[in-house]
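Per-entry structural report
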Amino acid sequence: MKKTLFAVALALAILGALGSTAAQQAPASSTAAPVIKDPAEYNAYMSAIQQQDPAAKISGLEAFLTQYPSSVVKTDALEALMGAYQQKGDAAKVVDAANRLLAASPDNVRALVVLAYTERASQQWAQAKQHAEHGLQILPNMAKPEGVKQEDFDKQKVQMTTLLNSVAGFASLQQKNNADAQKYLRESVKGNPTNLEDVYPLALSYLTATPPDYVNGIFFIARAADLATGPGQAQITSYGKSVYTKYHGSDQGWTDVLATAKNAPEPPAGFTVQQYVPPTPAQQAAELVKSKEPKDMSFAEWELVLSAGSQEDADKVWSAIKGKPLQMEGTVITAAADKLEIAASQDDIDAKRADIVLTPSGTIPPKLMPKEGGTLDFEGTPVSYTPSPFVMTMEKGALLTKAAPAPAKKPPVRRRPATH
């Protein structure tokens, strides 16, 4: 209830300098206020409108509206009634008066702003967006009230436009309509660049879109981190840094983005964030051959080079291991007396796919037959391989009954480095 009352008070305060609705809704060529011709009606209206006590004003205006339901000042009376209920702290009655006002005057700015803000506060997203969009449609043609300076009127229109864009944008975000959220919130941020309540949702509208707009999202989340205070600042900064790191591949450059966002309300011309592109398997293989000797590689690394590397890199690795007895560990996929199919890389272990076919030196006796799915220490001599799908053929196979001594291979690893 307090949040709704605050929204009502804010909406009415924004509209306070705009004068009567009758003037707002008059044609641009005429902003003259309506004239009450019946003396009794005039006296009843003036008696109610001049009351200083909110309760007395409410009582007088409600009586006036009941007695004169078609009065030429009906909209003025309903606007005053909204204000009186707000002064009294009755949010429900403020909303009721706004709905009555909108029924009497469908393009009434005051009613649309009050309803849009109260509906946002009460999380009525569809209604809030509908009323905010309606207000945005009629604001450009709203006539200046009599007695209001043009400069003040123009400022108020800009402020109302900003606020209605804020409501429409935030409601759109809650409805998961990221395109509309971006459109409206971007306009709201242009009107009020330091409003964290718009900047942060704008960042989310870009980052949660499908597909995400990381460049705009990262800029505005950095901007939000600068505008935030207290514990929220650390949380937003941490979130922004994690998004940046995931997209860029490292946190290098994040502080530069923060510095840019601190001094610019919108992304400056040419602003961008370099996206991390994972190396291809061929690039990984080439880098691996440059950094390691074949004898120091794991089986998974051999597999990567032999299946995805250039012919030159594959030849270098194969010449180093072909015909040489190797001791390693793997998972048994199938077991027979004259052939074992084994998975030695973690990827293939997970996929339960054999990447080694081992022919033992002799027939494996039943009592020594490895169990399928079990871990096996073994020795074998590579004689050939198929690049894709990768399978290495080994002969002179032997089962090892204890961990292989140095220079035994390390436990299996994944073929490809994890991507960011």
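Residues numbered from 1 in each chain as written. Predicted model: local features only at pLDDT ≥ 70, side-chain atom pairs only at ≥ 80, totals over all residues. Heavy atoms only, no water.

Another aspect to go through is the overall build of the chain. A count of helical and extended segments in the chain gives 18 helices and five strands. Within the chain, buried positions represent 42% of all 420 residues. When contacts within the chain are restricted to residue pairs at least 6 apart in sequence, those whose partners lie at least 24 apart make up 62%. (Helix = DSSP H or I, 4+ residues; strand = E, 2+ residues; numbered from the N terminus. Buried < 20%, exposed > 50% of the residue type's maximum accessible area, 1.4 Å probe, protein only. Contact = heavy atoms within 4.5 Å.)

Here the focus is the pairing of strand E1 (residues 326-336). On any regular strand, side chains alternate: one points to one face of the sheet, the next to the other face. Bridging between E1 and strand E4 (residues 375-386) involves six bridges; their strand directions are antiparallel. From the neighbouring strand, leucine 326 faces E4, where its bridge partner is glycine 380. In this sheet, strand E2 (residues 339-343) lies alongside E1 in antiparallel orientation, the contact comprising five bridges. Paired with alanine 336 across the bridge in E2 is lysine 339. (Pairing = 2+ DSSP bridges.)

This part takes up unusual backbone geometry. Residue proline 211 is reached from threonine 210 by a cis peptide bond, and omega for that bond is -5°. Here proline 211 lies in the loop between helix H11 (196-207) and helix H12 (214-227). Following serine 388, the chain continues into proline 389 via a peptide bond in cis, with omega recorded as -10°. Tracing the chain through its elements places proline 389 in the loop between E4 and strand E5 (391-399). Despite not being glycine, lysine 352 has its phi angle at roughly 55°, a positive value. Residue lysine 352 is classed as exposed on the basis of its relative accessible area of 67%. The phi dihedral of lysine 396 is positive, around 55°, even though this residue is not glycine. Lysine 396 gets classed as exposed once you look at its relative accessible area, which sits at 60%.

So, on to the confidence of the model for the chain. Per-residue pLDDT for the chain averages 89, and the proportion of residues at 70 or more is 88%. Considering only residues more than four positions removed or in separate chains, one finds that residues 16-31, a stretch of pLDDT under 50, has 45 contacts. (pLDDT = per-residue confidence, 0-100.)

Attention now goes to the packing of helix H15 (residues 281-291) against helix H17 (residues 311-321). Contact geometry for H15 and H17: axes closest at 10 Å, N-to-C directions at 45°. In terms of orientation, H15 lies oblique with respect to H17. Like other packed secondary-structure pairs, H15 and H17 cross with a definite hand, here left-handed. For the pair H15 and H17, the contacting residues are Ala285, Ala286 and Val289 in the first and Asp313, Lys316 and Val317 in the second. Considered class by class, the residues forming the contact of H15 with H17 number four nonpolar, no polar and two charged. (Axes fitted to C-alpha atoms, helices over the stretch in contact; angles between N-to-C directions. Parallel < 35°, antiparallel > 145°, perpendicular 65-115°, else oblique. Left-handed = near helix turned anticlockwise from the far one by under 90°. Nonpolar A, V, L, I, M, F, W, Y, C, P; charged D, E, K, R; others polar.)

All right, on to the pairing of E2 then. Joining the antiparallel neighbours E1 and E2 is a turn of two residues. As paired strands, E2 and strand E3 (residues 356-360) are joined by three bridges and run antiparallel to one another. Bridging from a neighbouring strand, isoleucine 342 pairs with isoleucine 356 of E3.

Another point: the side chain of serine 205. Tracing the backbone through its elements, the reader meets serine 205 in helix H11. Those residues in contact with serine 205, other than ones at most four positions away along the chain, are Leu173, Asn178, Ala181 and Gln182.

Glancing now at the packing of aromatic side chains. Counted by the stated rule, this structure contains 11 aromatic pairs. When the centroid spacing of 5.7 Å and the interplanar angle of 45° are considered together, the rings of tyrosine 244 and tryptophan 254 count as tilted. Residue tyrosine 244 is located in helix H13 (residues 231-248), and its partner tryptophan 254 is located in helix H14 (residues 254-263); the two are separated by 10 residues in the primary sequence. Classification of tyrosine 244 as buried rests on a relative accessible area of 4%. Judged by its relative accessible area of 4%, tryptophan 254 is buried. In this structure an aromatic cluster arises from ring pairing among Tyr206, Phe219, Phe220 and Phe271. Positioned over the ring face of phenylalanine 170 is arginine 120, at 4.3 Å from the centre of the ring. (Phe/Tyr/Trp six-rings, centres within 6.5 Å; stacked < 30°, edge-to-face > 60°. Lys NZ or Arg CZ within 6 Å of the ring centre and 35° of its normal.)

Turning to the side chain of glutamine 182, a few remarks are in order. Its location among the elements puts glutamine 182 in helix H10 (residues 178-191). Excluding its chain neighbours within four sequence positions, the residues that come into contact with glutamine 182 are Leu202, Ser205, Tyr206 and Ala209.

Attention now goes to the nonpolar core. In terms of nonpolar packing, the biggest core is built from 43 residues, with Phe64, Leu81, Val109 and Leu164 touching the most fellow members. Broken down by secondary-structure element, the contributors of at least two residues to this core are helix H3 (39-49), helix H4 (54-67), helix H5 (74-88), helix H6 (91-104), helix H7 (109-121), helix H8 (125-138) and helix H9 (150-174). Residue contacts for leucine 81: discarding those within four places in its chain leaves Ile58, Leu61, Glu62, Leu65, Ala97 and Arg100. (Core = buried A, V, L, I, M, F, W, Y, C linked by side-chain atoms within 4.5 Å.)

Attention shifts here to the pattern of salt bridges. One pass over the structure, following the stated rule, counts 14 salt bridges. The partner of glutamate 62 in a salt bridge is arginine 100, and the shortest N-O contact between them spans 3.0 Å. You can see glutamate 62 sitting in helix H4 and its partner arginine 100 sitting in helix H6, a full 38 residues away along the chain. In this structure arginine 100 comes out as partly exposed when scored by relative accessible area, which is 28%. In this structure, aspartate 96 and arginine 100 form a salt bridge, with 3.5 Å as the shortest nitrogen-oxygen distance. Note that aspartate 96 and arginine 100 are positioned in helix H6 at a spacing of four residues, about one turn of the helix. Within this structure, Glu62, Asp96 and Arg100 form a network of salt bridges that share partners. (Salt bridge = Lys/Arg side-chain N within 4 Å of Asp/Glu carboxyl O.)

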